[in-house]
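Breakdown of the fold
Spelled out from the first residue to the last, the chains are:
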Amino acid sequence: MRTAPALALLLPVLICIPADGQAPLDRIGQNPAPAVSGGKTASELLATGEKAYNAGNWEAAATAFENFITNYAGLEGTEAAITRVKPLLAICQVRLGKLEEAVPLLEESLALSGLDENVRVDLLFFSGIAHMRTGKADVARQNLGKIFNDAKVERGRRMEALVLAGMTYILEQNWKEAISFFQRYGDEIHQFSAEAGARADILLLHALMQEQQWDEANVQALKLDANLDQVRQVVTFSTLMIQLGAHFLDEGEPYKAIALLQRVPNQKKIERLQTAMLTAAQADLKFASAAGNSIRVSQLQTSVEEMQRELDAFSKMPEFDSAARLRLASAYFGLGRTREGCLILDQMVRQMEPDSIVESATASLMRGWMSLERYARAARTADLYIERCGNLAETPNKADVLFLKAQAIEGQSLYREAADAYLEVAKEFPDQPIGAQAQFMAAYNVLQLENYDESGSMLDQQAKSLKVTDAMWPHVIFWRAMAYYFDQQWEPCRQQLEKYLTAVDKDHIDAEYVDDARFRIAYSHFSEALYPEAIKELKQFETEFPTSEWLAEALLTLGDCQAAEGDLEDAAASYSRIGIEAPGFYDEGWMKRGNLLKVQKDLPGMKKLFTEFLQTRPESPRIAEALQWLGWIAKQQGDLDEARKIYWEAISKFGNDAVRPGLEDIFLALQGFYSGSDRKLLETRFSDELAKAQDQGHKRMAVRLGWALAKLRLATIGSTDPHAKELRQQRYQIELAALVSEIEPKDTAPMILADVGDALAANGDTKQAKEIYEGLRKWWPRSPERDRAYAGLGFASVKEGNEPEALEDFDRFEKTSIMPRSTPDENGITLVQSDLGGEVAIARSKLLANRDPEKSLQILLALQRSKAMPARIRGEAFLEAGRRHVSRQQFREALPYFEQVYLLFNRYPALVASAYFERGQALEKLGLPDKAREVYSELVTRDDLKGTESTKQGLERAQALGGVLAPKNPEGALVPPSSSHD
């Protein structure tokens, strides 16, 4: 610890040179006989000196006394007067700082006989001061000790001499003796005067800190703080408190630091307290002066002067409050109590005048909020920084603050806004490393939006400005490859990754992504069903990167490749090598091994495997999935009661948990365990369990049961009447939509989220539907239901009339779908080969009908030709193609499309009825009413199409054209048999 600054603050506590000694000449004796010198008699010189002395005019007093001694020394009759004047001259010289001249006079005076006792005490006191100031602390201590040890001396003078004697150890930096001294005499000083005792305690605190007796210093500081009303050196004490708190903070003892720092008042309060103490000291000085107590006057006068100087200097200290609050906040941060630290800094940066410390503290506050993931508050703090500190002469943290703001926005999943914020940083600091980082992060956030082309273009642009050896080059190149990867552009992805790997080998750049790159290359081959290539690369990966974070996923992918090649034994071995250190992939390996046994129809093997899994991984989140398989096995083996028991026990144990893979499948699978009349028993059980869960406040269980009950009622066999089916569907949607108030996406299974989102959308509540879909996408980005989320977002946007947003969502669906995609046809059209993929393609076609008519028809053509696409989708594609031609006034071209629907897709009455009616409409437009009447008549006479809206409309048109014609063929003859198209 540096001594000088602290010592400078402590000296005024005890080095007490009198401003007004108030030692009149009557203590020396009568004036000597007059004599003449320089126009003044001896009496006049003595009178002048006395008057100047009493007025505190030390220079004039010293001059008069020196003239008297010079002119009258040695003259007969002046010996006694000169003897009496010398002590006063010595005191004047002490007061004037002429210590070397004063010391001999003081010693000479003390050697005189017949001195007045009060004068002797004064001389000893000032001799002590003079010797202290000339570096002779031991001599000073002896003289001051003579005052204290003389019981005849007034007690107040003895106590002041005692405190000053202790100060001599401080001046010698003899901390151990100083500590011993004040610990020995502290109580005695306190008994005399609380104020003097507080001064002694401050000196003891300083000595303890200098001797690094930190715990004792802590006790002493807290003792002083408890009696702060007795401390006159408030500024000095507050400064020592901050220094001591800072020490404990540096030494990793934040609790002690907090106990001290939180007791330090703010600057205004310290000034107010110090001003009050100064006023009290001035009153005491006035009283002591009136009493003629020279030692007390000396102490008080110096104390008053130094308190005033400290107060003036302290009031001009610009960063006291900010520094103190920053240290206190740092202590809370050190305890890991980040929130408390942030709250202190938040108050500080809002209330205190901006300065360099406030500027730095605002940046620290942002980092604190970021560590707490309080991203919105962090972003607002950045705005506060710009508002309050942006115009400071120096803003060294500005780049960091703006970068942190972008990160805070990113933390709120506002990726577009975050990208814009990063670009602002890159623009403002183009020549700093943080500028390049920000430019990269802008592209990364666009990538988060799954705008792969835009992100890739941004990364390509940045790569042009970088050299291979630049720090950001590996990141830019690798993530450019990842943009291709996520866009499933496998060949460009591999080329980009090979570019990175070549640079690692050739230019020795950062190898951070080497294992990741090797795995992505292998996975790209797997994604293209190039299994032999993937197997070779993944085996090599396992050998070269045995500690890679990607090893578990690599082994899982290797097993998938081997299974696809029919090497089931090798696949099982690969799954088995996945380590428990990657628990998610480890559990997935168990499940895939179970699937292999299922393929082999090895039910005993499956049962053994999943039983072992329950024993090995009792805390796994996939316990429910294992139980689902065990229930399924029991059912396959004919033990329906055991299957039901396993499933109900699983529901009872895990039903109120957060998401557990396989648990929802158990609820649904129970439907297969209750058939016929038992189905009502299951509905009753579900209803009873739901009421029980609601009574117990088990929200997650209630959501699962409400969802399962709605699914059960929808699936229950009832009337085949279309109207009855429609009512059942409406009830299902209402029941599911009602669950939304109880749902928290991060704790709800993606399957339930997707169903609830669809129900909300069907009921017209697209706003809440989108919130559910977004929650699914955010919290379950790798779930199969992610496809439904993107598709649902698109369908909701269509309902809202937001076509650009709908097309964007459909793009994301098609680019990220886990379902297989067709190879591009001659028009470059690819399709996600599933029901949902077909619905999205048809919806896209409708949106493009006016924007891009040719592409709209090309999509429909691709759907019609797709053998992998469900028949319903292909039938709808034919129907939409006919409608598209009608919308373009191409009625003749539309006819064959409508005809194909009712010839090939008779399993879908609504489609067929629409095709009949719309074909009749087209014929009417062509001026062929007789043909149209025949088509309408066929529509209304088909029993399988009765009840549809199109049939009702067809009847109206047939009657308008002359009435319904009797069928030319026997009833039903026009209905072709089911074909492969269905």
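Residues numbered from 1 in each chain as written. Predicted model: local features only at pLDDT ≥ 70, side-chain atom pairs only at ≥ 80, totals over all residues. Heavy atoms only, no water.

**Let's talk about the overall build of the protein chain**
To keep it simple, the criterion reads: Numbering goes from the N terminus for both helices and strands, where a helix is a DSSP run of H or I of at least four residues and a strand is a run of E of at least two. The quantity called the radius of gyration is restricted to C-alpha atoms. Its globule counterpart is 2.2 Å times the number of residues to the power 0.38. The classification of residues rests on relative accessible area computed with a 1.4 Å probe and restricted to protein chains. Under 20% of the type maximum is buried, over 50% is exposed, and intermediate values are partly exposed.
Each helix and strand counted, the protein chain has 48 helices and two strands in total. For 982 residues, the compact-globule estimate of 2.2 N^0.38 gives 30 Å, and the C-alpha radius of gyration of the protein chain, at 47 Å, exceeds that figure by more than 25%. By principal-axis analysis of the C-alpha atoms, the protein chain measures approximately 165 × 65 × 65 Å. A burial count over the protein chain gives 51% of its 982 residues as buried.

**Re the confidence of the model for the protein chain**
Low pLDDT marks stretches whose predicted atomic positions should not be read closely. We apply this condition: Confidence of the predictor at the level of single residues is captured by pLDDT, which takes values from 0 to 100. When checking whether two residues touch, look at their non-hydrogen atoms; a contact exists if any pair is within 4.5 Å.
On average, residues of the protein chain score 85 in pLDDT, and 92% of them reach the 70 mark or higher. Confidence drops under a pLDDT of 50 for residues 1-37, and excluding neighbours within four residues, the segment shows 107 contacts in the predicted structure. In this model, residues 970-982 is a region of pLDDT below 50 whose contacts with residues beyond four sequence positions or in other chains number 21 contacts.

**A word on a negative patch on the surface**
Selection criterion: Nonpolar side chains (Val, Leu, Ile, Met, Phe, Trp, Tyr) are joined into patches within 5 Å and like charges within 9 Å, using only residues with over 30% relative accessible area and no salt bridge. Note on areas: Shrake-Rupley with a 1.4 Å probe; residue coverage comes only from the protein chains shown. Here, a salt bridge means any side-chain nitrogen of Lys or Arg that lies within 4 Å of a carboxyl oxygen of Asp or Glu. When charges are counted, Lys and Arg are positive and Asp and Glu negative, with His and the chain ends excluded. To locate a charge, the coordinates of NZ of Lys, CZ of Arg, CG of Asp or CD of Glu are taken.
A cluster of like negative charges, contributed by Glu59, Glu66, Glu100 and Glu101, occupies part of the molecular surface. Secondary structure elements with two or more residues in the negative patch: α3 (58-72) and α5 (99-110). Note on placement: Glu101 falls in helix α5.

**What about the side chain of Thr766?**
In this structure, Thr766 sits in helix α39 (residues 766-779). The class for Thr766 is buried, based on a relative accessible area of 11%. Not counting chain neighbours up to four residues away, the residues in contact with Thr766 comprise Ala796, Lys799 and Glu800.

**With respect to the pattern of salt bridges**
Enumeration over the complete set of coordinates arrives at 56 salt bridges. The shortest N-O distance in the salt bridge between Asp470 and Lys467 comes to 3.6 Å. Residue Asp470 is classed as partly exposed on the basis of its relative accessible area of 22%. Accessibility expressed as a relative area gives 53% for Lys467, which makes it exposed. Among the salt bridges present, the one from Glu735 reaches Arg731, with a minimum N-O distance of 2.9 Å. Of this pair, Glu735 and Arg731 both sit in helix α37 (residues 722-737), four residues apart, which is roughly one turn of that helix. Within the structure, one salt-bridge network assembled from shared partners comprises Asp560, Glu588, Lys592, Arg622 and Glu625.

**Details of the packing of aromatic side chains**
Definition in use: Two rings from Phe, Tyr or Trp (for Trp, the six-membered ring) form a pair when their centres are within 6.5 Å of each other. A pair whose planes differ by under 30 degrees is stacked, one over 60 is edge-to-face, and the rest are tilted.
For the structure shown, the criterion picks out 35 aromatic pairs. Measuring from ring centre to ring centre gives 5.2 Å for Tyr444 and Trp479, while their planes differ by 90°; the resulting arrangement is edge-to-face. Of the two residues, Tyr444 sits in helix α22 (residues 433-448) while Trp479 sits in helix α24 (residues 473-486), which places them 35 residues apart along the sequence. Given a relative accessible area of 17%, Trp479 falls into the buried group. With centroids separated by 6.1 Å and ring planes inclined at 70°, the aromatic side chains of Tyr500 and Tyr513 adopt a geometry described as edge-to-face. Highlighted residues: Tyr500 in helix α25 (residues 490-507) and Tyr513 in the loop between α25 and α26 (514-527), separated in sequence by 13 residues. Taken individually, Tyr500 and Tyr513 each receive the classification buried, so the pair is uniform in this respect.

**Considering the side chain of Asp201**
Relative to the elements of secondary structure, Asp201 occurs in helix α10 (residues 194-210). Buried and without a salt bridge, Asp201 has Lys223 as its closest oppositely charged side chain, separated by 4.1 Å. Contacts of Asp201, omitting those with residues within four sequence positions, involve His190, Gln220, Lys223 and Leu224.

**Details of the packing of helix α8 (residues 155-171) against α10**
Threshold: Under this scheme, a helix contributes an axis fitted over its contacting stretch, all axes are lines through C-alpha atoms, and angles between N-to-C directions fall in the 0 to 180 degree range. Put simply, angles under 35 degrees are roughly parallel, angles over 145 are roughly antiparallel, angles from 65 to 115 are roughly perpendicular, and the rest are oblique. In this scheme, a crossing is called left-handed if the near helix is turned counterclockwise away from the far one by less than a right angle; it is called right-handed if the turn is clockwise. Amino acids are sorted into nonpolar (Ala, Val, Leu, Ile, Met, Phe, Trp, Tyr, Cys and Pro), charged (Asp, Glu, Lys and Arg) and polar (every other residue, Gly among them).
Orientation of α8 relative to α10, taken along the N-to-C sense of each, is 15°, at an axis distance of 11 Å. Considered as vectors, α8 and α10 are oriented roughly parallel to each other. Handedness of the α8/α10 crossing: left-handed. Taken together, the residues of α10 that come into contact with α8 (itself represented by Glu160, Val163, Met167 and Ile170) are Arg199, Leu203, His206 and Ala207. Among the residues forming the contact of α8 with α10, the class breakdown is five nonpolar, one polar and two charged.

**Concerning the environment of Tyr732**
Note on placement: Tyr732 falls in helix α37. Once the C-alpha coordinates of Tyr732 and Glu253 are considered, the two residues, 479 residues apart in sequence, prove to be 61 Å apart. Residues contacting Tyr732, with those up to four places away along its chain left out, are Ala710, Lys711, Leu714 and Asp755.

**Observations concerning the nonpolar core**
In plain terms, the rule: Nonpolar core, defined: a set of buried Ala, Val, Leu, Ile, Met, Phe, Trp, Tyr and Cys residues in which side-chain atoms within 4.5 Å join the residues together.
Formed by 158 residues in total, the largest nonpolar core has its most connected members in Tyr500, Phe610, Leu670, Phe686 and Leu863. Counting residues per element, this core draws most heavily on α24, at 10 residues. Contacts of Tyr500, omitting those with residues within four sequence positions, involve Pro474, Ile477, Ile509, Asp510, Ala511, Glu512, Tyr513, Val514 and Ala517.

**Overview of unusual backbone geometry**
The phi angle of most residues is negative, glycine excepted, and most peptide bonds adopt the trans form. Phi at Glu373 takes a positive value of approximately 60°, unusual for a residue other than glycine. Mapped onto the elements of the fold, Glu373 is located in the loop between α18 (356-371) and α19 (375-389). Positioned with a positive phi, Gln889 is a non-glycine residue whose angle comes to about 65°. When you line up the elements, Gln889 lands in the loop between α44 (871-887) and α45 (891-904).

**With respect to helix α6 (residues 117-133)**
Test applied: Expected span of a helix, by definition, is 1.5 Å for each gap between consecutive residues, and there is one gap fewer than residues.
The terminal C-alpha atoms of α6, which comprises 17 residues, lie 24 Å apart, in line with the 24 Å expected from a rise of 1.5 Å per residue. α6 sits mainly inside the fold: 13 of its 17 residues count as buried. In the segment just after α6, Gly135 is the residue with positive phi, at about 85°.

**Overview of the environment of Asp383**
Selection rule: Here a polar contact means two N or O atoms within 3.5 Å. Within protein one must be a hydrogen donor candidate and the other an acceptor candidate, and residues neighboring in sequence count only if both atoms are side-chain atoms.
Here Asp383 is to be found in helix α19. Along the primary structure Asp383 and Lys405 are separated by 22 residues, whereas in three dimensions their C-alpha atoms are 8.4 Å apart. Within polar-contact distance, the side chain of Asp383 engages the side chain of Lys405 at 2.7 Å.

**Side note on helix α2 (residues 42-54)**
We apply this condition: An arc is given here, and it is the one of the directions from the helix axis to the C-beta atoms.
With 13 residues, α2 extends 18 Å between its outermost C-alpha atoms, agreeing within 8% with the 18 Å of an ideal straight helix rising 1.5 Å per residue. Of the positions making up α2, those classed as buried are Ala42, Leu45, Leu46, Gly49, Ala52 and Tyr53. Down the axis of α2, the sector holding all buried residues measures 135°, keeping them to one side. Summarising the contacts, the buried residues of α2 are in contact with β2 (40-41), α3 and α4 (79-95).

**Here's the deal with the environment of Glu305**
Turning to its location among the elements, Glu305 is positioned in helix α15 (residues 294-315). The class of Glu305 is partly exposed, set by a relative accessible area of 30%. Placed 260 residues apart in sequence, Glu305 and Leu45 show a C-alpha to C-alpha distance of 31 Å.

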